[in-house]
Amino acid sequence: GEVCFGAKNDSYGKFNITSSGIIVALKLVYISGFVTCNKDNVPYGSHWNCKKGSNIGTIVTNAKKEVIFPHNYQEKVYSLPGYHENSSELVFYGQFPPVIVAAGDQYRIWYHEDFVNGEEYNNDGYTCVDVYALFTW
C-alpha cells in the first residue's frame with residue numbers, strides 16, 4: 001500500500017514487514033508529492049531530497065530509529081549510484097550485514113532533515129511511495 005512521509009515534525013511514513021526472512025534489497029517507487037528543505041524557494045522540491053542535485057535525503061529506519069537503508073548513512077544527504085533526487089524509484093541493495101526481519105516489524109521512511117531535527121522549520125511537503133522488499137531464500 002501507499003506510504004507517505006513528510007519533511008518536518010517527525011512525519012515519517014510507516015510500513016510493516018509482511019514476512020520473516022532476510023531482505024537483500026528495498027525499493028521505494030514514487031507515486032506523488034514532493035519534499036523540500038525551503039518552502040520559500042519555489043519550485044525547489046523533489047521526490048527524495050530538496051532542490052536539484054544528485055544527492056538523496058530519504059532514509060529508512062526501524063522502529064528504534066536506527067537507520068537501516070542506506071547502510072552507510074552519516075546523518076547527511078548521500079549519493080546512491082544510478083539514482084538522483086527525482087528518480088522514479090530508489091533501490092537500496094548491497095546491504096551488509098543483510099537485514100533480518102520478522103513479520104510485523106515496523107519500518108519508517110524519513111526525510112533526513114526531519115530525522116536529525118535539522119533546520120526543518122522551513123521544510124514542507126510529503127512524498128508518497130509504494131514499498132517493495134526483495135527477500136533471499
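Figured I'd write up the structure that's included with this text. Just so we're clear, the structure is a prediction, and the values are computed from it rather than from any experiment. (Residues numbered from 1 in each chain as written. Predicted model: local features only at pLDDT ≥ 70, side-chain atom pairs only at ≥ 80, totals over all residues. Heavy atoms only, no water.)

### Quick word on unusual backbone geometry
Thought 1: For the bond running from phenylalanine 69 to proline 70, omega is -5 degrees, close enough to zero to count as cis.
Thought 2: At asparagine 9, a position not held by glycine, the phi torsion is positive, near 60 degrees.
Thought 3: Mapped onto the secondary structure, asparagine 9 falls in the loop between strand E1 (2-6) and strand E2 (13-16).
Thought 4: Despite not being glycine, glutamate 75 shows a phi value in the positive range, around 60 degrees.
Thought 5: Along the chain, glutamate 75 turns up in the loop between strand E5 (67-69) and strand E6 (89-93). (Helix = DSSP H or I, 4+ residues; strand = E, 2+ residues; numbered from the N terminus.)

### Some details on the state of the cysteines
Thought 1: For the structure shown, the criterion picks out two disulfides.
Thought 2: Here cysteine 4 engages in a disulfide with cysteine 128; their sulfurs sit 2.0 Å apart. Judged by the sign of its S-S torsion, about 110 degrees, the cystine formed by cysteine 4 and cysteine 128 is right-handed. One end of the pair, cysteine 4, is in strand E1; the other, cysteine 128, is in strand E9 (residues 124-136), with 124 residues separating them in the sequence.
Thought 3: A relative accessible area of 31% means that cysteine 4 is categorised as partly exposed.
Thought 4: With a sulfur-sulfur separation of 2.0 Å, cysteine 37 is cross-linked through a disulfide to cysteine 50. The sign of the -80 degrees torsion about the S-S bond sets the cysteine 37-cysteine 50 disulfide as left-handed. Taken as a pair, cysteine 37 in the loop between strand E3 (21-36) and strand E4 (58-62) and cysteine 50 in the loop between E3 and E4 lie far apart in primary sequence, 13 residues in all.
Thought 5: For cysteine 50, a relative accessible area of 5% translates into the label buried.
Thought 6: Counting only the cysteines that form disulfides, in the order they appear in the protein, gives the pairing 1-4, 2-3. (Disulfide = S-S within 2.5 Å. Buried < 20%, exposed > 50% of the residue type's maximum accessible area, 1.4 Å probe, protein only.)

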